[in-house]
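Chain by chain, the residues:
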Amino acid sequence: MKMTSRSFSRAALASTLLATTVGASLLLVTSAGAATTLGASAAQTGRYFGTAVSAGKLGDSTYVNLLNREFNMVTAENEMKWDATEPNQGQFNYSGGDRILNQAVSNGKRMRGHALLWYQQQPGWAQNLSGSALRQAAINHVTQVATYYKGKLYSWDVVNEAFADDGSGGRRDSNLQRTGNDWIEAAFRAARAADPGAKLCYNDYNTDGVNPKSTGIYNMVRDFKSRGVPIDCVGFQSHLTNSAPGDYQANLQRFADLGVEVQITELDIAGSNQANAYGAVTRACMAVARCAGITTWGIRDTDSWRTGQNPLLFDGNGNKKAAYNSVLDALNAGGATTTPTTPTTPTTPTTPTTPTTPTTPNPGGCTASVSLNSWNGGFVATVKVTAGASALNGWRVTTVLPAGATVTSAWSAANTGTTGTVTWANVAYNSAVAAGQTTEFGFQGTGSAEGITSTCTAS
């Protein structure tokens, strides 16, 4: 997610579509049946192709003509962020966001909301808050803004860029994080209560391949899904140079396999291999049924936050570049038809608890197996607990970590200890396991966990 002047603190940088009103994607299908605009081409498989829009550029005829012709989804570049919508505490201003929304709707397009909570572009008054005062203000902001736009948006980026870039896979240190580790969950629950119809997304950058950061987010999403926390989609910003990671499609697919929609939310690609890279990213989305669509972060190179890098599909004069043709060809080649997702209904929050030990152990027993995703200096361990011949009413796993390995976070189990011999007990929602069936928990840590051992006992 970018600021108007862009966030320089970063390390790196939707068969035929119907044009519902004059000015919507007009050139739809050629005589050979292939669509000739980005939005129409994406719509052939139920996807969208969108762009970030700046309200200040809606007076530029070249900009607006390209927007109206090519795209069927829009995202406000800055106009829906906290500093724009609530410049003074309790005083809301929706003028910029409304201008973009009205332009989109009047031209037959849908809109993504971006973004409710972010550690950057907070109004000064929020920057001066902390603790419970900031938490209350943040949740009120989510509630008020999502309520105002209720029923008008396709989706919301509820939380943006909350994970760190330090290789730990953990949360970013921010004033929001310091209000308590449950702040993201609280924000998603508030957004669902305010607008049950909008899809709720988590959005981040440097998550394009399987790496510690994307895995940390994956684990959060898996935990949210297991506990009924309302999350419907994950956004991959995809600010790239020359190529996407080799496991880009596999990364999208693993998130999709959790039951969430995946969206490419801020795509721009610099470098001499731009056309090939754009084609590869588009084909990856087309291959994943739950990949709902692609948004580029701007229309023309001169609209980009990456000044001088020319990372978009149109040049400064609005001419199509080779990258445009690569994207259009990939969209028209087809792919997996999108799998629609319905916004989830939240459940009552579950507080993990360590169960008491029954006096009579389950005679069927259990086994535990560990799979590791490791990198230099850290790891994520996924532990599969399998019930034996009898059902489990509770379980306990003991892992022995090698010297130098330390547990830093965990999900779906309660641990005792962080180094050496660590014991893990089921939490309330995964204590019962039918005979021969499995459940999983996981943890992340520093150091190397190669050689870890595990044993399981019924409790």
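For the structure itself, look to the data block above.
Residues numbered from 1 in each chain as written. Predicted model: local features only at pLDDT ≥ 70, side-chain atom pairs only at ≥ 80, totals over all residues. Heavy atoms only, no water.

A.B. asks: Can you lay out the state of the cysteines for me, pointing to particular residues and giving the numbers?
C.D. replies: Under the counting rule described, the total for this entry stands at three disulfides. Between the sulfur atoms of Cys-201 and its disulfide mate Cys-233 the distance is 1.9 Å. Note on the Cys-201 and Cys-233 pair: the S-S dihedral is about -85°, so by sign convention the disulfide is left-handed. Of the two residues, Cys-201 is situated in strand 5 (residues 199-204) and Cys-233 in strand 6 (residues 233-236); the sequence distance between them amounts to 32 residues. Covalently, Cys-285 is tied to Cys-291 through a disulfide, its sulfur atoms 2.1 Å apart. Here the disulfide of Cys-285 and Cys-291 is left-handed, its torsion about the S-S bond being about -100°. In this structure, Cys-285 and Cys-291 share a single accessibility class: buried. When the cysteines engaged in disulfides are numbered in sequence order, the protein chain pairs them as 1-2, 3-4, 5-6. (Disulfide = S-S within 2.5 Å. Helix = DSSP H or I, 4+ residues; strand = E, 2+ residues; numbered from the N terminus. Buried < 20%, exposed > 50% of the residue type's maximum accessible area, 1.4 Å probe, protein only.)

A.B. asks: Report on helix 11 (residues 322-332), specifying residues and quantitative values.
C.D. replies: All of the buried residues in helix 11 are Ala-323, Tyr-324, Ser-326, Val-327, Leu-328, Ala-330 and Leu-331. Next to the buried residues of helix 11 lie helix 1 (38-43), strand 1 (48-53), helix 2 (61-70) and helix 10 (274-287). (Contact = heavy atoms within 4.5 Å.)

A.B. asks: Give a detailed account of the environment of Thr-418, specifying residues and quantitative values.
C.D. replies: Assignment of secondary structure puts Thr-418 in the loop between strand 14 (414-416) and strand 15 (421-425). For Thr-418, a relative accessible area of 36% puts it in the partly exposed group. Thr-418 sits 12 residues away from Thr-406 along the chain, and the two C-alpha atoms are 5.5 Å apart.

A.B. asks: I'd like to hear about the packing of aromatic side chains, residue by residue, with values.
C.D. replies: Taken as a whole, this structure holds 15 aromatic pairs when the rule is applied. Both rings, one in Tyr-48 and one in Tyr-154, keep their centres 5.9 Å apart while their planes meet at 75°; by these two values the pair is edge-to-face. Taken as a pair, Tyr-48 in strand 1 and Tyr-154 in the loop between helix 6 (131-148) and strand 4 (155-160) lie far apart in primary sequence, 106 residues in all. We note that Tyr-48, like Tyr-154, is buried. Considering the side-chain rings of Trp-424 and Phe-443, the 4.5 Å spacing of their centres and the 15° angle between planes classify their relative orientation as stacked. Taken together, the positions of Trp-424 in strand 15 and Phe-443 in strand 16 (residues 438-446) put the pair 19 residues apart, joining distant regions of the chain. Taken individually, Trp-424 and Phe-443 each receive the classification buried, so the pair is uniform in this respect. What links up through ring pairs into an aromatic cluster is the set Phe-92, Tyr-94, Tyr-148, Tyr-149 and Trp-156. A cation over a ring is seen here: Lys-152 above Tyr-148, with NZ or CZ 5.1 Å from the ring centre. (Phe/Tyr/Trp six-rings, centres within 6.5 Å; stacked < 30°, edge-to-face > 60°. Lys NZ or Arg CZ within 6 Å of the ring centre and 35° of its normal.)

A.B. asks: Would you mind going over the sheet that holds strand 12 (residues 395-400) in detail, with residue names and values included?
C.D. replies: Here we have four strands laid out as an open sheet, ordered 14-15-12-17, and antiparallel in their pairing. Each of the sheet's edge strands pairs with one partner strand only, and the pair in question is strand 14 and strand 17 (453-458). Neighbouring strand axes in the sheet, compared pairwise and without regard to direction, differ in orientation by 20° on average. (Pairing = 2+ DSSP bridges. Axes fitted to C-alpha atoms, helices over the stretch in contact; angles between N-to-C directions.)

A.B. asks: Describe unusual backbone geometry, with residues and values.
C.D. replies: Leave glycine aside and you will find that most residues have negative phi; peptide bonds, for their part, are mostly trans. The omega torsion across His-114 and Ala-115 is -5°, close enough to zero to call that bond cis. Mapped onto the secondary structure, Ala-115 falls in strand 3 (residues 110-118). Positive phi, close to 50°, is recorded for Gln-121, a residue that is not glycine. The residue Gln-121 is located in the loop between strand 3 and helix 5 (124-127) in this model. Despite not being glycine, Ser-238 has its phi angle at roughly 65°, a positive value. On the accessibility criterion, Ser-238 (0% relative accessible area) is buried.

A.B. asks: Could you give an account of the pairing of strand 15, naming the residues involved and the relevant values?
C.D. replies: On any regular strand, side chains alternate: one points to one face of the sheet, the next to the other face. Sheet topology note: the strand 12/strand 15 ladder contains five bridges and is antiparallel. Directly across from Arg-396, in strand 15, lies its bridge partner Ala-425. Pairing of strand 14 with strand 15, which is carried by three bridges, proceeds in the antiparallel orientation. Bridging from a neighbouring strand, Ala-414 pairs with Ala-425 of strand 15.

A.B. asks: An account of the environment of Val-221 is needed here, citing residue identities and associated values.
C.D. replies: Within the fold, Val-221 resides in helix 8 (residues 212-227). Owing to a relative accessible area of 0%, Val-221 belongs among the buried residues under this scheme. Residues Val-221 and Asp-232, 11 residues apart in the sequence, show an inter-C-alpha distance of 9.3 Å. Sequence-distant contacts of Val-221, that is, excluding residues within four places in its chain, are made with Ile-231, Val-234, Phe-255, Leu-258 and Val-260.

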